[in-house]
Amino acid sequence: IFANPVWVQYEIKVDNPQSASNIINATDKFMASRFVQENFKGSLHLNAWIANGHSEATHGFAVLQPSLTAHTQWIAAMNQSKEGQEFGSVLRENSSPVFQRINSFLETYGSPSNEDTYWEVHEFSAKPSDVDAIARATQKMDQAIKANFPGQFGLSAVSFGSGEVTHLLTVGFSSIA
């Protein structure tokens, strides 16, 4: 698991538009810093939830990393850096943590693109004996829609965190128009 690509979710609750603006500005400043440019091997997406079911999270960071090892090294370096400490301070002053989850990609389909800015994340619980059937079903779906599907989708396993949720089906689009 430490060598496989991962994506980590950090879900937060933001209470007002000014706090959201402060977080966006701090994220932009942090990601543009020399420290991040020289040390971050993954990609980061800051999302605002349109609909989020029973969760009180209003925003979330999705951090995609080449491996769990790379992610743990990044977190250690970030927490020790001046830039990471400044970013963390703004985040703590303007939001409340809701949950964290580490996910591993099982299958991805479509055309991966950072232009995909609209995401649906469907959480579900699967028995270990059903995972192969679920993977085959997503492969079958890919074959049926790949000629006309305008985005990307994937099946992920929850590695750590999130209670009873064992898997995620994610769907990304560049537009919902």
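Residues numbered from 1 in each chain as written. Predicted model: local features only at pLDDT ≥ 70, side-chain atom pairs only at ≥ 80, totals over all residues. Heavy atoms only, no water.

1. Details of the packing of aromatic side chains
Under the convention used in this document: Working definition: rings of Phe, Tyr and Trp (its six-membered ring) pair if their centres are within 6.5 Å, and the pair is stacked with planes under 30 degrees apart, edge-to-face with planes over 60 apart, and tilted otherwise. Per the convention used, a helix needs a DSSP run of H or I reaching at least four residues, while a strand needs a run of E reaching at least two, with both numbered from the N terminus.
Applying the stated criterion to the full structure yields 9 aromatic pairs. Here the aromatic rings of F30 and W74 are separated by 6.1 Å at their centres, their planes lie at 40 degrees, and the arrangement is tilted. Residue F30 is located in helix α1 (residues 17–32), and its partner W74 is located in helix α3 (residues 68–80); the two are separated by 44 residues in the primary sequence. Members of the aromatic cluster, joined through ring pairs, are F30, F35, F40, F61, W74 and F87.

2. Quick look at the sheet that holds strand β4 (residues 96–110)
For clarity, the threshold we go by: Pairs of strands are assigned from DSSP output, requiring at least two bridges between the strands. Comment: axis = line fitted to C-alpha atoms, over the contacting stretch for helices; angle = value between 0 and 180 degrees taken between N-to-C directions.
If you trace the 7 strands from one edge of the open sheet to the other, you get β2-β3-β1-β4-β6-β7-β5, paired in antiparallel fashion. The strands lining the two open edges of the sheet, one partner per strand, are β2 (43–48) and β5 (118–124). The sheet shows a mean angle of 30 degrees between the axes of neighbouring strands, taken without regard to direction. As defined by bridge partners, strand β1 (residues 6–13) adjoins β4 across 8 bridges and the pair is classed as antiparallel. Bridging across to β4, V6 finds its partner in S104.

3. Examining a nonpolar patch on the surface
Our working definition: To count toward a patch, a residue needs a relative accessible area above 30% and no salt bridge. Like charges then connect within 9 Å, nonpolar side chains (Val, Leu, Ile, Met, Phe, Trp, Tyr) within 5 Å. Here the open area of atoms and residues is found with the Shrake-Rupley method and a 1.4 Å probe, where only the protein chains shown may cover a residue. For this document, the term salt bridge refers to a Lys or Arg side-chain nitrogen within 4 Å of an Asp or Glu carboxyl oxygen. Think of it in three bands: residues with accessible area under 20% of the maximum for their type are buried, residues over 50% are exposed, and the middle band is partly exposed, with areas taken using a 1.4 Å probe on protein chains only.
Side chains of I50, Y118 and I176 sit close together on the surface and give an oily, nonpolar patch of about 350 Å² of accessible area. Along the chain, the position of I50 falls in the loop between β2 and β3 (59–65). Judged by its relative accessible area of 74%, I50 falls in the exposed class.

4. Thoughts on α3
The condition that has to hold: One fewer than the residue count of a helix, multiplied by 1.5 Å, yields its expected span. It is the directions from the helix axis to the C-beta atoms whose arc is reported.
With 13 residues, α3 extends 19 Å from end C-alpha to end C-alpha; this agrees with the ideal 18 Å at 1.5 Å per step. Among the residues of α3, L68, A70, H71, W74 and M78 are the ones counted as buried. What you see down the axis of α3 is that its buried residues fit within an arc of 150 degrees, all on one side. Facing away from the buried surface of α3 by more than 90 degrees, the exposed residues are Q73 and Q80.

5. Description of the nonpolar core
The nonpolar side chains of a soluble globular protein tend to be buried, and buried together. Quick reminder of the rule: To define a nonpolar core, start from buried Ala, Val, Leu, Ile, Met, Phe, Trp, Tyr and Cys residues and group those joined through side-chain atoms within 4.5 Å.
Counting residues in each nonpolar core, the largest one holds 19 residues, and the members touching the most others are F30 and W74. Elements that contribute at least two residues to this core include exactly β1, α1, α2 (34–39), β3, α3 and α4 (82–94). With 4 residues, α1 is the largest single contributor of residues to this core.

6. Overview of the packing of α3 against α4
To keep things clear, this is the line we draw: When describing relative orientation, an angle under 35 degrees is termed roughly parallel and one over 145 degrees roughly antiparallel, while 65 to 115 degrees is termed roughly perpendicular and anything else oblique. Two residues qualify as a contact provided that any one of their heavy atoms is within 4.5 Å of a heavy atom in the partner residue. When residues are grouped by polarity, Ala, Val, Leu, Ile, Met, Phe, Trp, Tyr, Cys and Pro land in nonpolar, Asp, Glu, Lys and Arg in charged, and all others, Gly among them, in polar.
Running from amino to carboxyl end, α3 crosses α4 at an angle of 85 degrees, the nearest separation of the two axes being 5 Å. Relative to α4, the element α3 is oriented roughly perpendicular. Residues M78, N79 and Q80 of α3 form the contact with α4, whose own contacting residues are K82, G84 and Q85. Looking at the contact of α3 with α4 residue by residue, the class counts come to 1 nonpolar, 4 polar and 1 charged.

In short, geometric facts, not functional conclusions.
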